[in-house]
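Topology and contacts: notes
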Amino acid sequence: MTIQGKITKAIAGFYYVNVVGSGIYECKARGIFRKEMRKPLVGDDALIEVISGAEKTGNVVDLLPRKNELVRPPVANIDQVLLIFSMRTPDPNLILLDRFLIAAKRRGIPCLIGFNKVDIVGDSSGDGRGGSGSDLCSRGVPGECMEILAAYHDSGVPLYFFSVRTGEGMDEMRRVLRGKTTALAGPSGVGKSSFTNAVQDNVHMEVGDISKKLSRGKNTTRHLELICVEDGTFLCDTPGFSALDTQSMPKEELEEYYAEFHPYIGKCFYQGCAHLSEPDCAVKQALHEGKISAERYEHYRYLYEELKEEEKRTFKRR
Ligand SMILES: Nc1nc2c(ncn2[C@@H]2O[C@H](COP(=O)(O)OP(=O)(O)O)[C@@H](O)[C@H]2O)c(=O)[nH]1
Ligand SMILES: [Mg+2]
Ligand SMILES: [Zn+2]
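Residues numbered from 1 in each chain as written. Chains lettered and ligands numbered in written order. Predicted model: local features only at pLDDT ≥ 70, side-chain atom pairs only at ≥ 80, totals over all residues.

**Some points on the overall build of the protein chain**
When you go through the protein chain residue by residue, the secondary structure sums to 8 helices and 13 strands. Within the span of the protein chain, comprising 318 residues, buried residues form 32% of the whole. Considering only contacts in the protein chain between residues 6 or more positions apart, those separated by 24 or more positions represent 63%. (Helix = DSSP H or I, 4+ residues; strand = E, 2+ residues; numbered from the N terminus. Buried ≥ 20, exposed ≤ 12 C-beta atoms within 10 Å, placed from the backbone. Contact = placed C-beta atoms within 7 Å.)

**A word on the site of ligand 1**
Around ligand 1 lies a shell of 16 residues, among which Arg165, Gly191, Lys192, Ser193 and Ser194 are the nearest. A total of 3 residues in the shell around ligand 1 trace back to one element, the largest contributor, which is helix α5 (residues 192–198). For the shell around ligand 1, a count of residues per class yields 4 nonpolar, 8 polar and 4 charged. (Near = placed C-beta within 6 Å. Nonpolar A, V, L, I, M, F, W, Y, C, P; charged D, E, K, R; others polar.)

**Observations regarding the packing of helix α2 (residues 94–106) against helix α8 (residues 294–317)**
It is at 10 Å that the axes of α2 and α8 come closest, and there the two elements cross at 70°. Regarding the angle of α2 to α8, the classification is roughly perpendicular. Contacts from Leu94, Ile95 and Asp98 in α2 reach Glu295, His299, Tyr302 and Leu303 in α8. When its residues are assigned to classes, the contact of α2 with α8 shows 4 nonpolar, 1 polar and 2 charged. (Axes fitted to C-alpha atoms, helices over the stretch in contact; angles between N-to-C directions. Parallel < 35°, antiparallel > 145°, perpendicular 65-115°, else oblique.)

**Observations concerning the sheet that holds strand β4 (residues 45–52)**
Hydrogen bonds along the backbone pair up the strands of a sheet, which may run parallel or antiparallel. Strands sit in the order β1-β2-β3-β5-β4 around a closed barrel of 5 strands; the barrel is mixed. Pairwise comparison of adjacent strand axes, ignoring direction, gives a mean angle of 55° for this sheet. (Pairing = 2+ DSSP bridges.)

**As for the sheet that holds strand β10 (residues 159–161)**
On the basis of which strands lie adjacent, the open sheet formed by 6 strands has the order β10-β9-β8-β11-β13-β12 and mixed pairing. Each of the sheet's edge strands pairs with one partner strand only, and the pair in question is β10 and β12 (226–230). Ignoring strand direction, the axes of neighbouring strands in this sheet form an average angle of 25°. Direction of pairing for strand β9 (residues 111–116) relative to β10: parallel, over a ladder of 3 bridges. Each residue of the ladder has a partner; that of Gly114, found in β10, is Tyr160. Against the sheet, α2 engages β8 (80–86), β9 and β11 (181–185), with an angle of about 175° to β8.

**Some words on helix α4 (residues 170–177)**
Of all the positions in α4, only Met170, Met173 and Leu177 are classed as buried. When α4 is viewed along its axis, its buried side chains cluster within an angular range of 50° and face the same direction. On the buried face of α4, the contacting elements are β9, β10, β11, α5, β12 and β13 (233–236). Where α4 ends, the next residue or the one after it, Gly179, has phi of about 80°, a positive value. (Arc of directions from axis to C-beta.)

**Here we look at unusual backbone geometry**
Here Arg72 and Pro73 are connected by a cis peptide whose omega angle stands at -5°. Relative to the helices and strands, Pro73 resides in the loop between β6 (69–70) and β7 (75–76). Along the chain, Thr89 connects to Pro90 via a cis peptide bond; the corresponding omega equals -5°. Looking at the secondary structure, you find Pro90 in the loop between β8 and α2. Positive phi values are uncommon outside glycine, yet Thr89 reaches one of about 35°. Summarising the element assignment, Thr89 is placed in the loop between β8 and α2. Non-glycine residue His275 carries a positive phi angle of around 65°. Relative to the helices and strands, His275 is located in the loop between β13 and α7 (282–288).

**Brief notes about the pairing of β12**
Here β12 pairs with β13 via 4 bridges, running antiparallel. In the sheet register, Glu230 faces β13, and the bridge partner there is Thr233.

**Notes on the environment of Met249**
Along the chain, Met249 falls in the loop between β13 and α7. Residues Met249 and Glu311, spaced 62 residues apart in sequence, show a C-alpha to C-alpha distance of 9.1 Å.

**Regarding the pairing of strand β3 (residues 23–29)**
Pairing of strand β2 (residues 14–19) with β3, which is carried by 6 bridges, proceeds in the antiparallel orientation. Within β3, the position partnered with Asn18 by the bridge is Ile24. Taking the residues between adjacent antiparallel strands as the criterion, β2 and β3 are bridged by 3 residues, where Gly21 takes a positive phi near 85°. Where β3 meets strand β5 (residues 57–63), 4 bridges bridge the pair, whose relative direction is parallel. Across the sheet, residue Ala29 finds its bridge partner in β5, namely Val60.

**Some remarks on the environment of Lys67**
Inspection of the secondary structure assignment puts Lys67 in the loop between β5 and β6. Residue Lys67 is classed as partly exposed on the basis of its 14 C-beta neighbours within 10 Å. Residues Lys67 and Asp79, 12 residues apart in the sequence, show an inter-C-alpha distance of 8.4 Å.

So, in C-alpha cells, the structure goes:
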C-alpha cells in the first residue's frame, strides 16, 4: 500500500513521515534515491510504501515535485517566512528586518512580519489595554506600532502585532499559519520558541536559555524538524535562515526589494540612478512629497552604501 505524507524529520538515514489521519511513519529511503543522486529533504511530500501499519514503518518510494528548496536550513516546500521581531527586549532593529525581507524575497519566498510583545508597549490611546485580551485594534494601537505600520504600509509585506504572553492577536496568527508550511526567522530573544509553543499544544520548545535547561553544550545543533501544528499546518523554528544573505548582492539590485519605489523607477533623469544624490530623481521627489516612507528610504540608503563599500573591498582584493 502506498500513502502520501510529509517528511518532518530526518535523522541517521531515517525519515519521519507525517500522514494525515494516521500519524508518523518511520521510513528508510529506497535505493532508487541513491542511484538517482536524489536526497529526500525535510518538507518533502513523499509517497511511502507501508511495511507495517501497526508499527508505523515504511519506505519512502517517491517524492512529489518540490515547490522550492532552502539550503540553510535544508528544507523543501516552504510556503512563507514569518519574520518575528519584538516591540521590546530586544527593540526592533528595522534595518535588520529589511535584510531579512530581502533575503526571503531573493529566494522567492513570501514574507510576513510579526511584532511580538505588544504587551510591554505603552498605549497611546489609553483605553485600558490588556483587559479582555481582545485584539490590538479594539484597544487602540500603540503609537510605536502605528509608526511601524505606516513605514511598511507600501512595502507589500503584511504586518501583524501580537503578544504570545497575553494571547492578544494570536488567533489571527493561527489563521495566517493555517494550511501552510511556515519558516520562522528573526533575531534571538524575540519569542520564536514561545510562539511555536503557543500555537501548538503538544510541542514544547525550550524558551530562553537552552543550554541551561538541558545542560548541554551551547553550540549543540538542534536537528531540523517541522512541527505539525494541525493537519496540513507546519512550522519550522530552526535557526539558519539569516539576514546575512543580502551580502554580495549587486547594489543595483537593491531597489527591486523596495516595492514602494517601483512606481517611480525608470522616471529618474539618469538611467541607472541610485536615488541618492542625483538630480531630478523621481524616487527622491516621491520621498519629499511624502509618498515614500522616510524610514524605508533611510534603510535603502544605508544598505546601498554598505553594498557599495563591500564592492570596493572585493574589487581591491582582486
Ligand atoms: N513580555 C513578553 N515577553 C515575551 C513574550 N513572548 C516571549 N517572551 C519572552 O521573551 C524571551 C525570549 O523568548 P524565546 O521564545 O526564547 O525567544 P527566541 O529566542 O526567539 O526563541 C523569554 O523570556 C520569553 O518569556 C511576550 O509576548 N511578551
Ligand atoms: Mg528559540
Ligand atoms: Zn532616482
